[in-house]
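The residues making up each chain are set out below.
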Amino acid sequence: MHSFASSYARIAAAILLPASLLLAADVDKKFHNAPASAQAAKNPYAGDDAAAQAGKPLYAKNCLSCHGKLGKGTGNVPSLVDGKLDSVKPGEVFWFITRGDKDNGMPSWAFLPASQRWKIVTYVTSVLPALNAEPEAAAPPPPDTSTSKLNAPPPPPPFTDFRYEKPGTFRKITVNDLPQPYATQSSNNGPALVARPENVWPVALPGFKVELYATGLDNPRTLRTAPNGDIFLTESDPGRIRVFRGMTGDGKPEQSAVFVSGLKHPYGLAFYPPGPDPQWLYVGNTSEVVRFAYHNGDLKASGAPEHIADLSPGGHDTRAVVFSQDGKRMFVAVGSASNVNDPDTHPEEKNRADILVCDPANCQLSVYAYGIRNAGGGIAVNPETGELWCSVNERDALGDNLVPDYITHVQEGGFYGWPWWYIGAHQDPRHQGKHPELKDKAIIPDVLLQPHNASLEFTFYEGQQFPAEYKGDIFASEHGSWNKAVRVGYEVIRVPLHQTGHASGEYEDFLTGFVLPDGNVWGRPVGVTVAPDGSLLVSDDGSNSIWRVSYAGK
Ligand code: HEC
């Protein structure tokens, strides 16, 4: 069994740990004893995307067989994407692959032309880390795209999958419902994206109308409604922020503009100060928070970005940003670098799997809440209570129905379990015996979602259009699973807050239909915001569009 084999490997690794730590410390100081001249050598292709892409076939031909498609290594072949290379100069990597280390199984690549070696270095240091940030990258076994499992019996309630998702269905997962770890196998079942067939649309309850607001986008991710009603969108892969203005009679934007381009994987967006007259637009790029001068009505950034704070790059690479209602605190969510690596022994996990906080007047980030595997997909402030809330992607590889993703209000200083505990006092079997003192500290989140849903951006509905009972409720995008035998997620959910600002643990399927009956996927919700007219806008990086859900029923 996979799990036994890997736990033996882990025990073996633990026994060897002291020696390998010493070794790692030596090597870290000087990367494989690279000479100073190697450190000084400049990469002629630094920042050159075309050269980085040209490195891809070279990597595939020369390196992939040992280091793997995603550079994760296996056995005695080291990972190239575990963060170690972040602190190594490109010249040192170039020097090392040129020389190789025959005794330890790494060939010399001196016979390749220097230009090819540099292109490989560029690919390894810039493209591979980005590939590994994709959720699909955490997958252990080879892909299983068979659709035979579609005839599998329904999962035990309250767990479900796409076959049973239907607008209007309420669900509630409690701590008592959790199965044992490894009760089912860990699947590798990422979506095969297909084009949306004509006549297939997202499905909402009767009374709601679904329309296409914008199409032809490139990796549309977060949405934010500016105080003046303009709709901001990040297109993360191309590094762009767009603005849409107005709404035509048939529900399309009247104007569309590029606010800024050339950013490094932007995700989070927040206007500052809160209120009707912002002066800045803050943007969470993967490795930093920046801000642009902004005044109501701007369709284009008037100047260069100003650096606000450094963030740990790579890994889970979306950085949600939000301000407290009084504007005195800026929150930034930084997800873990890995699925479940222990920060005690993995320094690259420092200041990660946290929600960080600072005073925006002089931003020095500190930890606001911790043990939160990845809230980088969505944090927001509840307008009713002023509390910070988050939407979290929990960990993988424990089976179909573990660990629930969640949406919760966030307690200052609170510990949410990762990586040693999950959903309260459940020890992660991969960290057996560690941190017993944290067992009773691990907070049980407010709303447990289907495991592997990939819960991303959410918003509190403050519009005037939907029926009164929706007022203040959460709408959240569930990007969809890879680590589950039959897909789950790929929908927008509603979390009722019962006009109290507090959740009861229930949620409801709100917008479904992004998976075809054969299991192929055409759409993946990411961002969600409320337009000035009270309709709900949902970005979808599967079909590269924005959907608009309005209420017409009476
Ligand atoms: C035959 C298997 C094999 C192939 C092919 C191979 N490597 Fe390696 N590589 C290794 C092994 C084994 C090590 C560990 C060597 C050591 O510990 O000194 C290694 C180490 C490395 C390291 C150092 C990593 C670290 O953390 O110290 C880098 C960088 C690297 N390889 C890059 C490459 C690149 C780039 C290519 C393709 C041009 C490549 N390797 C091809 C087996 C391979």
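Residues numbered from 1 in each chain as written. Predicted model: local features only at pLDDT ≥ 70, side-chain atom pairs only at ≥ 80, totals over all residues. Heavy atoms only, no water.

## Overview of empty space enclosed by the protein
- Scanning all chains against the criterion turns up one cavity of 30 Å³ or more.
- One number sums up the size of the largest cavity: a volume of about 70 Å³.
- Lining the largest cavity are Thr222, Leu223, Arg224, Tyr267, Gly268, Leu269, Ala320, Val321, Gly377, Gly378, Ile379 and Glu457.
- Those elements that place two or more of their residues in the lining of the largest cavity are β3 (220-225), β7 (268-272) and β15 (378-381).
- Examining the composition of the lining of the largest cavity, we find that three residues originate from one element, β3, more than from any other.
- A per-class count over the lining of the largest cavity returns six nonpolar, four polar and two charged. (1 Å grid on protein atoms, 1.4 Å probe; cavity = no way out; pocket = protein on both sides within 12 Å on 5 of 7 lines; lining within 4 Å. Points joined across faces, edges and corners; volume = space filled by probe spheres on them. Helix = DSSP H or I, 4+ residues; strand = E, 2+ residues; numbered from the N terminus. Nonpolar A, V, L, I, M, F, W, Y, C, P; charged D, E, K, R; others polar.)

## Re the state of the cysteines
- Across all of its chains, the model carries one disulfide by this definition.
- Disulfide pairing is shown between cysteine 358 and cysteine 363; the S-S distance is 2.2 Å. Here the disulfide of cysteine 358 and cysteine 363 is left-handed, its torsion about the S-S bond being about -105 degrees.
- Overall, cysteine 358 belongs to the buried group, its relative accessible area being 4%. (Disulfide = S-S within 2.5 Å. Buried < 20%, exposed > 50% of the residue type's maximum accessible area, 1.4 Å probe, protein only.)

## Details of helix α3 (residues 49-62)
- Its 14 residues give α3 an end-to-end C-alpha distance of 20 Å, which sits within 8% of 20 Å, the value for a rise of 1.5 Å per residue.
- Those residues of α3 that fall on the buried side of the exposure criterion are Ala51, Ala52, Gly55, Leu58, Tyr59 and Asn62.
- Two to three positions downstream of the cap, the backbone nitrogen of alanine 50 sits 3.1 Å from a side-chain oxygen, assigning the N-cap of α3 to aspartate 48. (Expected span 1.5 Å × (residues − 1). Polar contact = N/O pair within 3.5 Å; in protein donor to acceptor, adjacent residues only side chain to side chain.)

## Here we look at the nonpolar core
- Core analysis: the largest hydrophobic core is formed by 28 residues, its most contacted members being Ile355, Ile372, Ile379, Leu388 and Val410.
- At the level of secondary structure, the elements contributing two or more residues to this core comprise β12 (330-334), β13 (354-358), β14 (366-370), β15 and β16 (388-392).
- Sort the elements by how many residues they give to this core and β16 lands first, with three residues.
- Formed by 27 residues, the second largest nonpolar core is a distinct cluster that contains Leu80, Ile97, Val127 and Leu128. (Core = buried A, V, L, I, M, F, W, Y, C linked by side-chain atoms within 4.5 Å.)

## Some remarks on the sheet that holds β3
- Reading across the sheet, the four strands line up as β3-β4-β5-β6 and stay open at both edges, with antiparallel pairing between neighbours. The strands lining the two open edges of the sheet, one partner per strand, are β3 and β6 (255-260). Direction aside, neighbouring strands of the sheet carry axes that sit 25 degrees apart on average.
- By the bridge criterion, five bridges tie strand β4 (residues 231-235) to strand β5 (residues 240-245) in an arrangement that is antiparallel. Within β5, the position partnered with leucine 233 by the bridge is arginine 242. (Pairing = 2+ DSSP bridges. Axes fitted to C-alpha atoms, helices over the stretch in contact; angles between N-to-C directions.)

## Considerations on the pairing of strand β9 (residues 288-293)
- Here strand β8 (residues 280-285) pairs with β9 via six bridges, running antiparallel. Across the sheet, residue valine 283 finds its bridge partner in β9, namely valine 290.
- A loop of two residues connects β8 with β9, the two strands running antiparallel in sequence.

## A few points about the confidence of the model for the chain
- Of the residues in the chain, 91% reach a pLDDT of 70 or more, and the chain-wide mean stands at 90.
- Segment residues 1-28: pLDDT under 50, and six contacts once partners within four positions in sequence are set aside and those in other chains are kept.
- Low pLDDT, under 50, characterises residues 139-146; the predicted model gives this stretch 10 contacts beyond four residues in sequence or across chains. (pLDDT = per-residue confidence, 0-100. Contact = heavy atoms within 4.5 Å.)

## Points about the sheet that holds strand β20 (residues 447-451)
- An order of β15-β16-β17-β20 is seen for the four strands of this open sheet, with the pairing classed as antiparallel. Strands at the two margins of the open sheet, each flanked by one partner only, are β15 and β20. Taken over all neighbouring pairs, the strand axes of this sheet differ in orientation by 15 degrees on average, direction set aside.

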